[in-house]
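Listed here are the chains, written in short residue letters.
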Amino acid sequence: MKKVLIIAGFDPSGGAGVLLDVKVVRALNSYATSVVTSLTVQDTQRVYDLKPIDPHFFEYQLQKVVEDIKPDSVKIGLLGSSEIAVVVLRNLKRYNLKKVVCDPVLKSTSGFEFCKSEFIEFLKYEFFKACDVITPNKNEAEVIFDVEIKNFDEDVLSCVQERMKKMGIKSCILKGGHLPGEVAEDVLITHNDIFKVHAKKQGFTDSIHGTGCAFSTAFATFLAKGYNMYDALISTKEYVSNLIYKSTKIGNGKLILNP
Ligand SMILES: Nc1ncnc2c1ncn2[C@@H]1O[C@H](COP(=O)(O)OP(=O)(O)OP(=O)(O)O)[C@@H](O)[C@H]1O
Ligand SMILES: Cc1ncc(CO)c(N)n1
């Protein structure tokens, strides 16, 4: 049984964060451990507030679980505070954790700012280097790479590739759910390759919650199983598209995924 370590925030509605991530890992027949970075007040409509976990207590939990259950891959979601991010970075290095997938959660679709500007600089210039792949959506990629993204044309992708190299980011999957058009396209960019996958868009991206969390967790799980990045992306795309197809309205707000 492959083991995936989830480092993410808690969304009590289960639409995003660790509750969703653990279900995804389980649905893909793997085992999830999880260390919570922060608690949020949120429902299917929006995020209202966030309280980060004490960084010393967080580190204590992280070290105990990693020393006992060595993960085959790591998914990092909402970090919650720059202090927690520093602890995560230190421990990625200390335990030499492999196959680290980071979903750079900067701002919720409803507009809640998860990260302040110095924290974003730390992520851009220190944290992402320690990850094997980051999975930004359109808005996150614009902030991280300081580029306007209206489509995934060759000039935009090669600009992102150049900036990744300069910043020491090893690989990146740009998620295109928020771009206009009939297809939801995602692009894996490494230092020497660009690889696209796409699926027909279903419903409205802004009315579905948790797709980014499910995507990065499924990708980390396929990596844990030994898939290379290309195969992991193909399988993740198929898996997440199916979850979106079966998404349901459980509360008063967005549709949620139910792996
Ligand atoms: N309406 C849609 N139909 C099909 N696939 C979609 C749709 N919206 C998003 N996707 C796919 O879902 C995955 C997540 O992408 P998206 O761009 O929505 O991430 P995100 O904005 O981080 O998600 P979240 O809404 O959870 O913050 C990608 O593979 C994307 O292509
Ligand atoms: C806990 C948590 N993680 C990630 C997101 C981004 O979807 C969210 N809304 N809440």
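All of these numbers come straight from a predicted model, not from anything done at the bench.

Caption draft 1: Layout of the environment of His191. Relative to the helices and strands, His191 resides in the loop between strand 8 (183-189) and strand 9 (194-200). It is 6.4 Å that separates the C-alpha atoms of His191 and Lys165, two residues lying 26 residues apart in sequence. When neighbours within four sequence positions are excluded, His191 is seen to be in contact with Gln161, Met164, Lys165, Ile169 and Lys170. Within the structure, the side chain of His191 is placed 2.7 Å from the backbone oxygen of Ile169, a separation counted as a polar contact.

Caption draft 2: Representation of the site of ligand 2. Lining the immediate surroundings of ligand 2 are Gly9, Phe10, Ala16, Gly17, Gln42, Leu78, Val105, His209 and Cys213. In this structure, a nitrogen atom belonging to ligand 2 sits 2.8 Å away from a side-chain N or O atom of Gln42. Taken by itself ligand 2 offers 290 Å² of open surface, and the protein chains cover 87% of this.

Caption draft 3: Molecular detail of the side chain of Glu59. Position of Glu59 among the secondary structure elements: in helix 2 (residues 55-68). Residue classification places Glu59 among the buried residues on the basis of a relative accessible area of 13%. The contact partners of Glu59, leaving out residues within four places of it in the chain, are Val87, Arg90 and Asn91.

Caption draft 4: Quick look at the sheet that holds strand 10 (residues 208-209). Pairing is mixed across the open sheet formed by three strands, whose spatial order is 10-12-11. The strands lining the two open edges of the sheet, one partner per strand, are strand 10 and strand 11 (248-249). Where strand 11 lies against strand 12 (residues 255-256), two bridges are found, and the strand directions are antiparallel. Looking across to strand 12, one finds that Thr248 is bridged to Ile256.

Caption draft 5: The site of ligand 1, seen in detail. In the vicinity of ligand 1 lie 19 residues, with Lys175, His178, Asp186, Gln202 and Lys237 positioned nearest. Residue Gly177 places a main-chain N or O atom 3.1 Å away from an oxygen atom belonging to ligand 1. The separation between an oxygen atom of ligand 1 and a polar side-chain atom of Thr211 is 3.0 Å. The fraction of the free accessible surface of ligand 1 (620 Å²) that becomes covered by protein chains is 94%. Mapped by element, the contributors of at least two residues to the shell around ligand 1 are strand 8, helix 7 (211-224) and helix 8 (229-245).

Caption draft 6: Quick look at the side chain of Lys254. By secondary structure assignment, the location of Lys254 is in the loop between strand 11 and strand 12. Note on Lys254: relative accessible area 14%, which makes it buried. Here Lys254 is in contact with Thr44, Thr109, Asp206, Ser207, Ile208 and His209, once residues within four sequence places are set aside.

Caption draft 7: Looking closely at the pattern of salt bridges. Scanning the model with the defined rule gives nine salt bridges in all. A salt bridge links Lys75 to Asp21; the shortest N-O distance between them is 3.3 Å. One end of the pair, Lys75, is in strand 4 (residues 73-76); the other, Asp21, is in helix 1 (residues 17-27), and 54 residues separate them in sequence. The buried category is assigned to Asp21, whose relative accessible area is 0%.

Caption draft 8: Quick peek at the UniProt feature "domain: Pyridoxamine kinase/Phosphomethylpyrimidine kinase" (unreviewed entry) in the chain. Listed under "domain: Pyridoxamine kinase/Phosphomethylpyrimidine kinase" (unreviewed entry) in the UniProt record, and renumbered for this structure, are residues 11-255. Structurally, residues 11-255 comprises 42% helix and 20% strand, and the distance from its first C-alpha atom to its last is 15 Å.

Caption draft 9: Spatial organisation of the pairing of strand 2 (residues 31-42). Bridge count for strand 1 (residues 3-10) against strand 2 is seven bridges, and the pairing is parallel. Within strand 2, the residue paired with Leu5 across the bridge is Thr33. With respect to chirality, the unit in which strand 1 leads through helix 1 into the neighbouring parallel strand 2 is right-handed. Of the strand pairs in this sheet, strand 2 and strand 3 (residues 47-52) are connected by five bridges, and their pairing is antiparallel. Directly across from Gln42, in strand 3, lies its bridge partner Val47. Hairpin connection from strand 2 to strand 3: four residues lie between these consecutive antiparallel strands.

Caption draft 10: Quick look at helix 4 (residues 117-127). Listed as buried for helix 4 are Phe119, Ile120, Phe122, Leu123, Lys124 and Phe127. Looking at the buried side of helix 4, the elements it contacts are strand 4, helix 3 (82-94), strand 5 (100-102), helix 5 (138-145) and helix 6 (154-167).

Caption draft 11: Expanded view of the packing of helix 1 against helix 7. Direction vectors running N to C along helix 1 and helix 7 enclose 40°, while the axes themselves pass 9 Å from each other. The orientation of helix 1 with respect to helix 7, classified from their angle, is oblique. Pair helix 1 / helix 7 crosses with right-handed handedness. Across the interface between the two elements, Gly17, Leu20, Asp21, Val24 and Val25 of helix 1 pack against Cys213, Ala214, Thr217, Ala218 and Thr221 of helix 7. Across the contact of helix 1 with helix 7, the residue classes break down as six nonpolar, three polar and one charged.

Cut-offs and rules
Residues numbered from 1 in each chain as written. Chains lettered and ligands numbered in written order. Predicted model: local features only at pLDDT ≥ 70, side-chain atom pairs only at ≥ 80, totals over all residues. Heavy atoms only, no water. Helix = DSSP H or I, 4+ residues; strand = E, 2+ residues; numbered from the N terminus. Contact = heavy atoms within 4.5 Å. Polar contact = N/O pair within 3.5 Å; in protein donor to acceptor, adjacent residues only side chain to side chain. Near = heavy atom within 4 Å. Areas by Shrake-Rupley, 256 points an atom, 1.4 Å probe, with all protein chains shown as cover. Buried < 20%, exposed > 50% of the residue type's maximum accessible area, 1.4 Å probe, protein only. Pairing = 2+ DSSP bridges. Salt bridge = Lys/Arg side-chain N within 4 Å of Asp/Glu carboxyl O. UniProt positions renumbered as here; feature names shortened; annotations may be inferred. Right-handed = clockwise from strand over helix to strand, strands pointing away. Axes fitted to C-alpha atoms, helices over the stretch in contact; angles between N-to-C directions. Parallel < 35°, antiparallel > 145°, perpendicular 65-115°, else oblique. Left-handed = near helix turned anticlockwise from the far one by under 90°. Nonpolar A, V, L, I, M, F, W, Y, C, P; charged D, E, K, R; others polar.

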